[in-house]
Amino acid sequence: MPLIKRQVEPIHLSRGVVSDHITNELECVTNNTLAGVIKQLSSLSKHAEDLFGELYSEANSLFVRTNSLQDRIDKLSHKVTQLDSTVDVVSLQDINMRKAFKSSIHADQQVVSRTSLPAAMSEIYSLCDKPPALNDLSKYRDDGKEGLKFYTDPTYFFELWRQEEMKQQKVVLEKKERKKKQKRPEPEKGNQIRKPKIVDYTDKRDRKSVV
């Protein structure tokens, strides 16, 4: 089902009810159509402003990230040109004394959220009807589930994705455990634990006498 992000309104220009006291119906319909065209131009200019605003913010974000990446490349190239393998000798002890590298780059998270919703989509969302108050019936349920989640559940796809990821992680861990068991070295002959050998010290003659 397609979701309309920006809709130019009014959609129907000449559709309307003509009052009974109007004598010239054709002139009334023409005036209403002309007023609708003016409203459409106003709506179109509003959407155009919003569209160019989003393009500006995206271009500005891309420009900032590109400049940051260029600065990092310049710093790295400057450090590389100053290095000399014949002069700069780093011992293994110095390497172990250094702190572990920790990246300062923050990855973008929760990109698809209510805060990142475009202005046009926020306006459409605000015009939607609210879901029924089914949570009022949750106190009568014995399983402890929320009644509204049976009608609408925004976290459904996230929970479904999380369960699939947990299953995949479990499969990967099981494969690793199997590989570890298969790669375990067999004990050498010298390290094998020998079973005690039972030696019969009785003489054959004694056996005959006993018999």
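Refer to the structure printed above.
Because the structure is a prediction, the values reported are computed rather than measured.

A.B. asks: Teacher, can you tell me more about the overall build of the chain here?
C.D. replies: Within the chain, the secondary structure is distributed over five helices and zero strands. Along the chain, helices and strands appear, N-terminal first, in the series α-α-α-α-α. Classification of the 211 residues of the chain by burial places 4% in the buried group. For the chain, the share of sequence-separated contacts (at least 6 apart) that also reach a separation of at least 24 residues comes to 52%.

A.B. asks: I'm lost on a positive patch on the surface in this one. Help?
C.D. replies: On the surface, Lys175, Lys176, Arg178, Lys179, Lys180, Lys181 and Lys183 cluster together to form a positively charged patch. Within the secondary structure, lysine 181 sits in helix H4 (residues 156–183). Among the residues examined, lysine 181 registers a relative accessible area of 58% and is labelled exposed.

A.B. asks: Mind showing me how you'd approach the packing of aromatic side chains here?
C.D. replies: To describe a pair of aromatic rings, one takes the distance between the centres and the angle between the planes. With the rule as written, the count across this model stands at two aromatic pairs. Look at tyrosine 156 and phenylalanine 157: their rings are 5.3 Å apart centre to centre, the planes differ by 80 degrees, and that puts the pair in the edge-to-face class. Exposure remark for tyrosine 156: the relative accessible area of 46% places this residue in the partly exposed category.

A.B. asks: What's the story with helix H1 (residues 25–82) in this structure? I'm lost.
C.D. replies: Since the α-helix packs 3.6 residues into each turn, any two residues three or four apart lie on the same face. Across its 58 residues, H1 extends 85 Å between first and last C-alpha, which sits within 8% of the 86 Å expected from 1.5 Å per residue. Those residues of H1 that fall on the buried side of the exposure criterion are Cys28, Gly36, Ser43 and His47. Among the residues of H1, the N-terminal cap falls to asparagine 24, whose side-chain oxygen and the backbone nitrogen of leucine 26 are separated by 3.4 Å.

A.B. asks: So what exactly am I meant to see when it comes to a nonpolar patch on the surface here?
C.D. replies: A cluster of nonpolar side chains, namely Val8, Val37, Leu41 and Leu44, defines an oily patch on the protein surface of about 310 Å² accessible area. Within the secondary structure, valine 37 sits in helix H1. Here valine 37 falls in the partly exposed class, since its relative accessible area comes to 31%.

A.B. asks: Sorry, what's going on with the pattern of salt bridges here?
C.D. replies: Two side chains that carry opposite charge are able to pair once their charged atoms sit near each other. A complete count under the given rule lists six salt bridges for this structure. Measuring nitrogen to oxygen at the nearest pair gives 3.4 Å for the salt bridge that ties lysine 5 to glutamate 54. In this pair, lysine 5 sits in the segment before H1 while glutamate 54 sits in helix H1, placing the two residues 49 residues apart along the sequence. Between aspartate 50 and arginine 6 there is a salt bridge, with the nearest N and O atoms lying 3.3 Å from each other.

Definitions and limits used
Residues numbered from 1 in each chain as written. Predicted model: local features only at pLDDT ≥ 70, side-chain atom pairs only at ≥ 80, totals over all residues. Heavy atoms only, no water. Helix = DSSP H or I, 4+ residues; strand = E, 2+ residues; numbered from the N terminus. Buried < 20%, exposed > 50% of the residue type's maximum accessible area, 1.4 Å probe, protein only. Contact = heavy atoms within 4.5 Å. Patch = residues over 30% accessible without salt bridge, like charges linked within 9 Å, V, L, I, M, F, W, Y side chains within 5 Å. Areas by Shrake-Rupley, 256 points an atom, 1.4 Å probe, with all protein chains shown as cover. Salt bridge = Lys/Arg side-chain N within 4 Å of Asp/Glu carboxyl O. Lys, Arg positive; Asp, Glu negative; His and termini not counted. Charge placed at Lys NZ, Arg CZ, Asp CG, Glu CD. Phe/Tyr/Trp six-rings, centres within 6.5 Å; stacked < 30°, edge-to-face > 60°. Expected span 1.5 Å × (residues − 1). Polar contact = N/O pair within 3.5 Å; in protein donor to acceptor, adjacent residues only side chain to side chain.

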